[in-house]
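The lines below spell out each chain.
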Amino acid sequence: LSPHARRVMQSGEVEVCEWTNYTLALRFRAAAMGVPFLPARSMLGTGTFERSAAKSLRCPFTGTRLAAVPALWPDVAFIHVHECDCYGNARINGITISDLDVARAAKRLIVTTERIVSNDAIRAAPHATDVPALLVDAVCEVPYGSYPGNMPGEYFSDEAHLHAWLQAEREPSAFESFLERYVYGVDGFTEYLERCGGINRMHQLRMQELLLPQAEGG
């Protein structure tokens, strides 16, 4: 989706290793399991396989050709969650995708959260904890921390801002101006939110998320 990312990768300035979403998730799963690789049928016979670091092997039981996807241990990972306590016991409401595997694979894990709750609240429902504190190195309370993306049950993605971002990327000069206004020219995340409409815009996105299931049902 990113015109600038396409521009950079096609320029040859950076070395690119390709993965599908699924095989990248498998790499995190392998690391979380403590194994050097996991087998997959995905990517076989594709250009993506040729541009990846996967290897081809034969299943020792069936002889089936498979792709061996190497484990991936991130040096540092950030996971944004709905709530956690000050120790890092975190809860994610809804689909987690690869979050739980990333939490177990990363050498250092920083949890950002919509809100910090008491340890008593965590203990009252221990089964709801998705990421235990023993995996977490730091906790940061960052309301609206998934913006401009969505946070299920909290706020919808800012489609207008994301569209403006992609439009700006079409021209390098326009993209530089965009980055200066929204990234380089702000003191922090709070000022970034203010430049994107502030708390009023966040409330609009929250209402859009809360009303969306009703709108779809109607």
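Notes on the structure in this doc start here. (Residues numbered from 1 in each chain as written. Predicted model: local features only at pLDDT ≥ 70, side-chain atom pairs only at ≥ 80, totals over all residues. Heavy atoms only, no water.)

1. Quick word on the pattern of salt bridges
- Inspection of the entire model under this criterion finds eight salt bridges.
- The partner of Asp 101 in a salt bridge is Arg 29, and the shortest N-O contact between them spans 2.6 Å. Pair noted here: Asp 101 is in helix α4 (residues 99–105) and Arg 29 is in helix α2 (residues 21–33), with a separation of 72 residues, a long-range link.
- One salt bridge in this structure joins Arg 91 and Glu 83, with 2.9 Å as the shortest N-O distance. Taken individually, Arg 91 and Glu 83 each receive the classification buried, so the pair is uniform in this respect. (Salt bridge = Lys/Arg side-chain N within 4 Å of Asp/Glu carboxyl O. Helix = DSSP H or I, 4+ residues; strand = E, 2+ residues; numbered from the N terminus. Buried < 20%, exposed > 50% of the residue type's maximum accessible area, 1.4 Å probe, protein only.)

2. Remarks on the packing of aromatic side chains
- In this structure the tally under the stated criterion is seven aromatic pairs.
- With centroids separated by 6.3 Å and ring planes inclined at 90 degrees, the aromatic side chains of Tyr 182 and Tyr 192 adopt a geometry described as edge-to-face. Within this pair, whereas Tyr 182 is found in helix α7 (residues 172–184), its partner Tyr 192 is found in helix α8 (residues 189–195), the two being separated by ten residues in sequence. The two residues Tyr 182 and Tyr 192 agree in class, both being buried. (Phe/Tyr/Trp six-rings, centres within 6.5 Å; stacked < 30°, edge-to-face > 60°.)

3. A short note on the sheet that holds strand β1 (residues 37–40)
- Here we have three strands laid out as an open sheet, ordered β1-β3-β2, and antiparallel in their pairing. Sheet topology places β1 and β2 (55–58) at the edges, where each strand pairs with a single neighbour. The average undirected angle you get between the axes of adjacent strands in this sheet is 40 degrees.
- Summarising the sheet, β1 and strand β3 (residues 65–70) pair through four bridges and their orientation is antiparallel. Counterpart to Leu 38 in the pairing with β3 is Val 69.
- Contacts from α2 reach β1 and β3, with the element oriented near 140 degrees to β1. (Pairing = 2+ DSSP bridges. Axes fitted to C-alpha atoms, helices over the stretch in contact; angles between N-to-C directions. Contact = heavy atoms within 4.5 Å.)

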